[in-house]
Amino acid sequence: MSKPTSLFVIFFSLFVMSEAVFEDQVGKFDWRQQYVGKTLFAHFDSHSQSSKKLFLATDKNIFASFNSRTGELFWRHVDKAGPEGTIDILLLHGQGDNSGRLLRSWDTNMGGLNWEAVLDTGSFQAACFVAMQDTVKHVAVLKKAAISLHYLTNGHQKWVENLPDSDTVQYQAVYSGGEEEVYVLGVVPNSHLTIIAYSLEDGEIIKQACAINLFSADSGRRLLDTTVIFPLDLNGGKPFKLYVHAFLKKDDSVGYRVLVQTQDHALTFIQQPGRVVWTREEALADVVTMEMVDLPLTGTQAELEGEFGKKADGLFPMVLKRLSSQVILLQAWLAHLWKLFYEARKPHGQVKNEVTIETLSRDEFNLQKMMVMVTASGKLFGIDSKSGSILWKHYLENVQPNAVFKLIVQRTTAHFPHPPQCTLLIKDKDTGLASLHVFNPIFGRKSHIAPPALPRPILQSLLLPVIDQDYAKVLLLVDDQYKVTAFPSTKNVLQQLQEMASSIFFYLIRSDQGNLSGFRLRKDLSTERIWEVVLPTEVQKIVAVNGKRPNEHVHSQGRVMGDRSVLYKYLNPNLLAVVTESTDAHPERAFVGVFLVDGVTGRIIHEAVQRKARGPVHFVHSENWVVYEYWNTKSRRNEFSVLELFEGTELYNSTVFSSLDRPHLPQVLQQTYIFPSPITTMEATLTEKGITSRHLLVGLPSGAILSLPKMFLDPRRPEVVTEHSREENLIPYAPEMPIRTEWFINYNQTVARVKGIYTAPSGLESTCLVVAYGLDIYQTRVYPSKQFDVLKDDYDYVLISSVLFALFFATMISKRLAQVKLLNRAWR
Amino acid sequence: MATPGGQGGGALSTRGGARRMKWALELTLGNARGRGDRQSNQGDVMYPIGYSDKPVPDTSIQESDKNLVEKRCWDVALGPLKQIPMNLFIMYMSGNTISIFPIMMVCMMAWRPIQALMSMSATFKLLENSNQQWLQGLVYSVGNLLGSALAIYKCQSMGLLPTHSSDWLAFIEPPVRMEIMGGGMVL
């Protein structure tokens, strides 16, 4: 190609379709909330009495500063997750933070790092500030076997000394009294105490004493007015820790502010007269699972739904019903107009737009839903998806720290007189016993329905599409004797179960034994094992299993190829994707295995082994494909691989799918691509009818969430472009998968440490609601095929309607004029 | 305008001149001269040049000639068949893409035979004078059917007819599940 042409091509390729968000659209459809986690250390800023800062260090390795008046975050630092980033102690004298191996000093105003010093390794015991004549200039750090003194201004080490007898004595505390000495307190268990004093200058041991008496503390004078009664949210669990900040007020009395941390990780800030200034729900930094539930219908909407739901009872009554519902709608609309008009006349300050539970109802396109979130501390939250405000909270007592949760929606709001119902299965890992908590997801209240008692440990649960007469789906629970308990266990349900028992199957996977087994339900609600697959644990370990989402709808049954024939998809609703990792972690011998197993028959439909690959493996299993991501140890890069299953050019049975009657294995196509960044989590978008193209939402460790179009992960992408592949719009194969920054759905609202992404369909086919949770919670709407079913946001109604009316009148007038002219000419 | 010769002649005759032009025509009566190619009756009017008042024999065409009726009827019957080569050429020129010109051509080519087939009774009235009218009617309808077949072939080559399985893909319902399955890793 000649140079001007190539320049031309380059110039035009810069006009790439970009998606951007206008500045005034920020926060219109999405919101983000930032959290820090369970507090370990807290300090009030004691510079002056009226200072507003509060410093917290949490168990998630986060160091943050809060505004003590309102509870808002000033700044926060997210350190590496895991034991390297653990914060061991927080000292405050304007600066200070210590984390095991690194000693860091932070500036309190802006949150910037002043200096960082690397300490020798050794388990950390204690640290304190060392003052010399009222000015704090040094920090002393006590490790298991050594003590070191650092300058406060720049972190350099002044001296380090080994502690004597460090293998017998456990040194536990450091103290500096303002003179020239540093005291180290050590304890020999059951024997005696040791106190060693070091000189500030050079670290020489000055004296050593053994004493049984501890040094006496200052006499603590009981201050007046220290008892305060503050309203504690009963729902929130007992108070766990208190951080008190006492200060002298101007009139020489003592004032204090208290930060209360309760068992559900919530922080409450209380000022002296017992007034709660703000509350922060830090349990939301640890969300385990969530569901989105539709809001209830209003009275008029329920009427309209009823009109379509009931059986047709003749032409004329249906016309009457339609007319009456139109009249009701007209009345409601006039009332709404009147209310708008009335509110516009009132001054703006009085009109409040609070979202309360009582006023909640489904909006026109079902875009506002109730998010039910279950956190690791055992607290349940009901959050409005449009604004992010917490509508209800419920704290479950007696939840063990290592409990496993499973949230199931049994009845949605679609069946009007019956309230919606959600069930939470909480299993204690140690004893294996489980309990069920049944509640109404819209109001958060516990339901009147009593869940069954579960005396034996529960292994798994299964939600059936079978419904009882109250429209609640039946939940089956399998216990360790392989007997099944049904949750609404009415006679109707038991009868239905008996009829259908031969077509209900379970699968259970024990990763410690490397064993997959399938069971079938018998009429007396016991199960029998029908298949078993063993993957030996010496070679590989089962890491994760995923089936398909039950409310997923596939719109087209095949792919249209370039020569107008159809490649039919292999849509097996009972297919499971099992991912295993090798036990040998050596880069040359490590592998990742993907098994596609049919859950009803146990047949291994496909197995793929990726050699020289290592986890953590993230995968998505949907429709007829599986996308998985792993680390390639040989080339040292992250790779994506996609597997698609096809039946061929003819359907075996187009009306019915039965796993027991599928003799032919599907054809499998696979392709792999290089991805430039590691990922933390992955999920696919979901819509009601499945017409919109799918995008994969990938959480990156930089805090961005990438919306990757599935057509880039297509195993039919050709290396050599032919006319047929151009017809099918297949992108030619290139091994690199680009990350285009316009695909990020959270422009500058980074979400730290994304642990999971939840997608839900909305009432519009083009829109998918996305919630990313981790340390922060971010909710937004995604439009994978752009908004093809809505008028754009700034649609010019006024211009178009005025032009329409103008043209209409112009037509009428000129028609009249033309008639007059013709008449006149005829009479001339 | 009288010819100068004529005037001259008239003028000379009034003078009683003996001089006569060779090409002069005398329009007035002169019994002494009976020459020329003028024959006049006892009336006193002179007929214009080339006029003869004897009736001319009639040589017009015979309307009721049987051969010709047959020929005309066959022309009507074979009309559509004669259009086919021209339509073939038009189709070839318009190509296989889907754009406004080919679509217009195809529509026209499809509609004309159908319209002709629908107005068969009018055609039969045209053909009623011939004695081979049924055969001619048959040939006419066959010609029109061939024309519409040509239009359908053109549609097929443009890809508009639903002959492939991908055209019926949208009507395939998702299959019904026979078994219900659930479970997972042991909690």
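Residues numbered from 1 in each chain as written. Chains lettered and ligands numbered in written order. Predicted model: local features only at pLDDT ≥ 70, side-chain atom pairs only at ≥ 80, totals over all residues. Heavy atoms only, no water.

1. Quick word on the packing of helix α2 (residues 66-94) of chain B against helix α5 (residues 133-158) of chain B
All names here are of chain B.
Phase 1: Orientation of α2 relative to α5, taken along the N-to-C sense of each, is 10 degrees, at an axis distance of 9 Å. One way to sum up the angle between α2 and α5 is to call them roughly parallel.
Phase 2: Taken together, the residues that form the contact of α2 with α5 break down as 16 nonpolar, six polar and two charged. (Axes fitted to C-alpha atoms, helices over the stretch in contact; angles between N-to-C directions. Helix = DSSP H or I, 4+ residues; strand = E, 2+ residues; numbered from the N terminus. Parallel < 35°, antiparallel > 145°, perpendicular 65-115°, else oblique. Nonpolar A, V, L, I, M, F, W, Y, C, P; charged D, E, K, R; others polar.)

2. Regarding the sheet that holds strand β30 (residues 484-486) of chain A
Residues and elements named next belong to chain A.
Phase 1: An order of β28-β29-β30 is seen for the three strands of this open sheet, with the pairing classed as antiparallel. In this open sheet, the two edge strands, each paired with only one partner strand, are β28 (458-467) and β30. In this sheet, adjacent strand axes meet at a mean angle of 25 degrees when their direction is disregarded.
Phase 2: Across the face of the sheet, helix α4 (residues 491-500) comes into contact with β28, β29 (473-479) and β30 while running at roughly 95 degrees to β28. (Pairing = 2+ DSSP bridges. Contact = heavy atoms within 4.5 Å.)

3. Examining the sheet that holds strand β2 (residues 180-185) of chain B
Within a beta sheet, neighbouring strands are joined by backbone hydrogen bonds and run either parallel or antiparallel to one another.
Phase 1: Taken in spatial order, the four strands of this open sheet run β33(A)-β32(A)-β31(A)-β2(B), and their pairing is mixed. The sheet is open, and its two borders are formed by β33 (527-534) of chain A together with β2 of chain B, each paired with just one other strand. Mean inter-strand twist for the sheet, computed between neighbouring axes without regard to direction, equals 20 degrees.
Phase 2: Where strand β31 (residues 504-510) of chain A and strand β32 (residues 515-521) of chain A come together, six bridges link them in antiparallel fashion. Looking across to β32 of chain A, one finds that F505 of chain A is bridged to R520 of chain A.

4. Looking at the nonpolar core
Generally speaking, a soluble globular protein has its nonpolar side chains buried in company with each other.
All names here are of chain A.
Phase 1: Ranked by size, the top nonpolar core spans 36 residues in total, and within it L259, L284, M290, M292, M371, M373 and I777 carry the most contacts.
Phase 2: When residues no more than four places from it in sequence are discounted, the contact partners of L284 are Y35, M373, T375, F381, I383, I390, G774, L775 and I777.
Phase 3: One finds I357, L360, V372 and F405 within the second-largest nonpolar core, a separate group that totals 21 residues. (Core = buried A, V, L, I, M, F, W, Y, C linked by side-chain atoms within 4.5 Å. Buried < 20%, exposed > 50% of the residue type's maximum accessible area, 1.4 Å probe, protein only.)

5. Remarks on the environment of T527 of chain A
All names here are of chain A.
Phase 1: You can see T527 is positioned in strand β33.
Phase 2: With 96 residues separating them along the chain, T527 and E623 place their C-alpha atoms 29 Å apart.
Phase 3: The residues touching T527, leaving out its near neighbours within four places in the chain, are Y482, V484, F506, F519, R520, L521 and R522.
Phase 4: Side-chain polar atoms of T527 contact the backbone oxygen of Y482, separated by 2.8 Å. (Polar contact = N/O pair within 3.5 Å; in protein donor to acceptor, adjacent residues only side chain to side chain.)

6. Structural notes on the UniProt feature "domain: ER membrane protein complex subunit 1 C-terminal" (unreviewed entry) in chain A
Phase 1: Under the UniProt annotation, the feature "domain: ER membrane protein complex subunit 1 C-terminal" (unreviewed entry) is placed at residues 622-827 of chain A.
Phase 2: With 17% helix and 31% strand, the stretch residues 622-827 of chain A has end C-alpha atoms that lie 79 Å from each other. (UniProt positions renumbered as here; feature names shortened; annotations may be inferred.)

7. A word on unusual backbone geometry
Phase 1: In the segment running from G615 of chain A into P616 of chain A, the intervening peptide bond is cis, with an omega of 5 degrees.
Phase 2: Positive phi, close to 55 degrees, is recorded for N366 of chain A, a residue that is not glycine.

8. Considering the state of the cysteines
Residue and element names in this part refer to chain A.
Phase 1: What the rule picks out here adds up to zero disulfides over all chains.
Phase 2: C768 takes part in no disulfide bond, and the closest cysteine sulfur, belonging to C422, lies 19 Å away.
Phase 3: For C768, a relative accessible area of 0% puts it in the buried group. (Disulfide = S-S within 2.5 Å.)

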